[in-house]
Amino acid sequence: MRQQKWKTASEQQKQYAISLAEVEQAWSKVKAKGGKGGVDGESIKSYEGRLDKNLYKLWNRMSSGSYHPQAVQRVEIPKGDGTKRPLGIPTIEDRIAQEVVRARFEPVMESFFHRDSYGFRPGKSAPEAVRTCRERCWRYDWVLDVDIQKFFDTIDHELMLKAVRHHCKERWIELYIERWLKAPVELIDGSRAYPERGTPQGGVISPLLANLYLHYAFDNWITKSFPGVKFERYADDIVIHCETEEETRKVELALKARLAECGLTLHPEKTKVVYCKDGNRTGWYPTKKFTFLGYTFRPRRAENTASGKKFTNFLPAVSAEAGKKFRTRLRELGLLKLTHLTLGDLTRQLNERLRGWYGYFSHFYRSALEAMSRWLDSALTRWLRRKYQLSWQQAIRLLNRLIQQNPRRFVHWAFRNPGRAV
């Protein structure tokens, strides 16, 4: 039925050449990603209940130029430093429309983006960015750890659209990007704001726009201005590698001026110069660590696998902030207090949360995960004690028996050293 209706519709003369299949494919991706609905209260489930009608209407509006987005719902999520990060939640329909544009525009931009831009790009990943950063910290003594203050809130709309026009020859893509940039934001108190700058984090199209903006504001600029300098960028998280402190200071001053030209500001406290201290570097500098994509880089003890010799290297490991944030999330979830669960239920539900965290932070310096594993075992011991009304020592013995029976029952057990228990 849908295909027949759409075939008839597709034969009509439309202003913009958007295929019907693109809308359906976009819906599939939005549905797979899930998430809450926006200001209209429409959920993925309710939208799907009238799917034929909804997708047809959206296609008709987008291809005729009459599509206008609804307001973006503002929510706030806590950050590791105690502050809150504002996110924008578009409606389900607006997410589908953004996915249509992203799928059409992203392949155009991929041929232009810099190889050291890693965020939200096909074939790129955060662990790849961390690995490249680690290797360059071994080759370059100094790092400029860059923090752009309120980047997503301060993107200049005109500069953004200028970059879009430069690469996109399809008028409807520019038209809808402009409408998304200028769409009202419904604040937490129910009032609405009409932004003159910025693009809300949380939209499907926002990561692509962020990469495009910083491609010109930073990537192209630093490649031309400082051709010997290397960097890694993941969205607005940037690490720059330099050979000397003097060069690092020079890059910092130039970058501050460059970002100002683009309406952006270096965070005066979070942007810092770092000395990549290791056993072979004899210099001194007060700041010898930085955090990139959840990993803290600092001097750490290492071992030569061939000779067994110990030495100091500059290495990444899971940050204290990442561990604290994950423990807080587990506490808020309350899963380890639900004593009505069976051991099998607890195992399945807890492993769903542990798998992604351990999978990501096990890429580098795995021994740093032991602190989290000990905390989890302590929490499991408390759960066993309450569940079976045991003494603390009895609960510890039971946990150790469970580890011996199945050392891979919980995700963190499989990551720890063999035979280690509480």
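Up top is the structure these notes are about.
Below: a short report on this structure. (Residues numbered from 1 in each chain as written. Predicted model: local features only at pLDDT ≥ 70, side-chain atom pairs only at ≥ 80, totals over all residues. Heavy atoms only, no water.)

Describing the overall build of the protein
Part 1 of the argument: Per the secondary structure count, the protein includes 16 helices and 11 strands.
Part 2 of the argument: Overall, the C-alpha framework of the protein stretches about 75 × 60 × 45 Å when taken along its three principal axes.
Part 3 of the argument: Within the span of the protein, comprising 422 residues, buried residues form 47% of the whole.
Part 4 of the argument: Sequence separation of 24 or more characterises 67% of the internal contacts of the protein that already satisfy a separation of 6 or more. (Helix = DSSP H or I, 4+ residues; strand = E, 2+ residues; numbered from the N terminus. Buried < 20%, exposed > 50% of the residue type's maximum accessible area, 1.4 Å probe, protein only. Contact = heavy atoms within 4.5 Å.)

Overview of the pattern of salt bridges
Part 1 of the argument: Per the counting criterion, the structure on display carries 26 salt bridges.
Part 2 of the argument: Arg102 is the partner of Glu106 in a salt bridge, and the nearest nitrogen-oxygen pair spans 2.8 Å. Of this pair, Glu106 and Arg102 are both found in helix α5 (residues 92–110), 4 residues apart, which corresponds to roughly one turn of the helix. You'll find Glu106 and Arg102 in the same group, each marked buried.
Part 3 of the argument: For the salt bridge of Arg258 with Glu261, the shortest nitrogen-to-oxygen distance reads 3.2 Å. (Salt bridge = Lys/Arg side-chain N within 4 Å of Asp/Glu carboxyl O.)

Here's the deal with the nonpolar core
Part 1 of the argument: Residues Ile96, Ile177 and Ile240 are the most contacted members of the largest nonpolar core, which totals 68 residues.
Part 2 of the argument: No other element matches the 10 residues that helix α10 (residues 206–225) contributes to this core.
Part 3 of the argument: When sequence neighbours within four positions are dropped, the list of residues in contact with Ile240 reads Trp142, Val143, Leu144, Val146, Phe218, Ile222, Val229, Lys230, Phe231, Val251 and Leu255.
Part 4 of the argument: Counting 48 residues, the second-largest nonpolar core is a separate cluster that includes Val130, Cys133, Ala395 and Val411. (Core = buried A, V, L, I, M, F, W, Y, C linked by side-chain atoms within 4.5 Å.)

Considerations on the sheet that holds strand β9 (residues 290–292)
Part 1 of the argument: Spatial ordering of the open sheet is given by β9-β10-β11, a layout of 3 strands whose pairing is antiparallel. Of all the strands in the sheet, the pair left with one neighbour each is β9 and β11 (310–318). Recorded for the sheet is a direction-independent mean angle of 50° between the axes of neighbouring strands.
Part 2 of the argument: Looking at chain direction, strand β10 (residues 295–303) and β11 are connected through 9 bridges and run antiparallel. Bridge pairing in β11 places Glu303 opposite Lys310. (Pairing = 2+ DSSP bridges. Axes fitted to C-alpha atoms, helices over the stretch in contact; angles between N-to-C directions.)

Considering the pairing of β10
Walk down a regular strand and you will see the side chains alternate between the two sheet faces.
Part 1 of the argument: Here 3 bridges tie β9 to β10, and the two strands are oriented antiparallel to one another. Along β10, the bridge assignment pairs Thr291 with Thr296.
Part 2 of the argument: Where β9 folds back onto β10 in an antiparallel hairpin, the turn is made up of 2 residues, including Leu293, whose phi is positive at roughly 55°.
Part 3 of the argument: In this structure, the hairpin formed by β10 and β11 is closed by a connection of 6 residues, where Gly308 is found at a positive phi of approximately 80°.

Some words on the environment of Ala217
Part 1 of the argument: Along the chain, Ala217 turns up in helix α10.
Part 2 of the argument: For Ala217, a relative accessible area of 1% corresponds to the buried category.
Part 3 of the argument: Expressed as a C-alpha distance, the spacing of Ala217 and Leu350, which sit 133 residues apart in the sequence, is 42 Å.
Part 4 of the argument: Non-local contacts of Ala217, meaning those with residues more than four positions away in its chain, are made with Arg258, Leu259, Cys262 and Leu264.

Description of a positive patch on the surface
Part 1 of the argument: Taken together, Arg331, Lys337, Arg382 and Arg386 make up a surface patch of like positive charges.
Part 2 of the argument: With respect to the helices, strands and loops of the structure, Arg331 is situated in helix α12 (residues 320–333).
Part 3 of the argument: What makes Arg331 exposed here is its relative accessible area of 51%. (Patch = residues over 30% accessible without salt bridge, like charges linked within 9 Å, V, L, I, M, F, W, Y side chains within 5 Å. Areas by Shrake-Rupley, 256 points an atom, 1.4 Å probe, with all protein chains shown as cover. Lys, Arg positive; Asp, Glu negative; His and termini not counted. Charge placed at Lys NZ, Arg CZ, Asp CG, Glu CD.)

Focus: the sheet that holds strand β4 (residues 185–186)
Part 1 of the argument: The 4 strands are arranged β2-β1-β4-β5 in an open sheet whose pairing can be described as mixed. Each edge of the open sheet is held by one strand with a lone partner, namely β2 (84–89) and β5 (192–193).
Part 2 of the argument: Here β4 pairs with β5 via 2 bridges, running antiparallel. By the bridge assignment for β5, Glu186 is matched with Arg192.

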